[in-house]
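Tertiary structure, described
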Amino acid sequence: MKVLVLNGPNLGRLDIRDSSIYGDMTYPALVAHIENAAKTHGFEADVRQSNDEAEIIGWLHEATDTKTPVIINPAAFTHYSYAIRDAAELVKAPLIEVHLSNPLSREEFRHTSVISGVANGTIGGFGPNSYVLALIALKALIS
């Protein structure tokens, strides 16, 4: 089964972001980690990243139309993109929100997620393994 894994702004630049928050994995290494974990759990991961809100919305519409489960790390869009939230709400297959860091342990503005209210669940704070945990949760949701 295919799973769409969406990553928001600045995740493509993991190699130069604060390693104490995001770890020291490059984005290509993160993609490989997700793809390998997906195979282990019986999924084919289609991993995408965009700094463009409209592109992410289009991908969510695609998932809606194809009934594809979604794992999404909305990054900074987490806190204010009602447009992404509305598109995520259209997805009828399971949708899981993930974060590399724990937003609740960071700046106060990061404590609010407009996405989590329409997600089946939220996983954060486990670095790249947040995606692995999301895959495990997704497998349980569709079984």
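Only a predicted model underlies this, so the values are computations on that prediction, with no experimental measurement involved. (Residues numbered from 1 in each chain as written. Predicted model: local features only at pLDDT ≥ 70, side-chain atom pairs only at ≥ 80, totals over all residues. Heavy atoms only, no water.)

**Describing the environment of Trp59**
Let me state the cut-off plainly: Each helix is a run of DSSP H or I of at least 4 residues and each strand a run of E of at least 2, with the numbering of both proceeding from the N terminus. Residue contacts follow a heavy-atom distance rule, with two residues in contact if any of their heavy atoms lie within 4.5 Å.
Within the secondary structure layout, Trp59 lies in helix H3 (residues 53-66). Residues Trp59 and Asp15, spaced 44 residues apart in sequence, show a C-alpha to C-alpha distance of 25 Å. In contact with Trp59, not counting residues within four places along its chain, are Leu4, Leu6, Arg48, Gln49 and Ser50.

**Quick word on the UniProt feature "binding site: substrate" (unreviewed entry) in the chain**
Selection criterion: UniProt positions are given in the numbering used here, feature names are shortened, and annotations may be inferred rather than shown by experiment. To sort residues, take the accessible area from a 1.4 Å probe on protein chains only and compare it with the maximum for the residue type: under 20% means buried, over 50% means exposed, and anything in between is partly exposed.
Sites flagged by UniProt as "binding site: substrate" (unreviewed entry) map to Asn73, His79, Asp86, Leu100, Ser101 and Arg110. One can find Asp86 in helix H4 (residues 82-90). In this structure Asp86 comes out as partly exposed when scored by relative accessible area, which is 45%. Inspection of the secondary structure assignment puts Leu100 in the loop between strand S4 (95-99) and strand S5 (121-124).

**Notes on the sheet that holds S5**
Quick reminder of the rule: For two strands to pair, DSSP has to find at least two bridges joining them. Here the axes come from fitting lines to C-alpha atoms, over the contacting stretch only for helices, and the angles between their N-to-C directions go from 0 to 180 degrees.
What the 5 strands build is an open sheet, ordered S2-S1-S3-S4-S5; its pairing is parallel. Strand pairing shows two members of the sheet lacking a second neighbour, strand S2 (44-49) and S5, which therefore form its edges. Each neighbouring strand pair of the sheet contributes to a mean axis angle of 20 degrees, computed without reference to strand direction. Taken together, the 6 bridges between strand S1 (residues 2-7) and S2 define a ladder with parallel strand orientation. Bridged to Leu6 within S2 is Arg48. In the packing of helix H2 (residues 27-40) onto the sheet, contacts are made with S1 and S2, and the angle to S2 comes to roughly 155 degrees.

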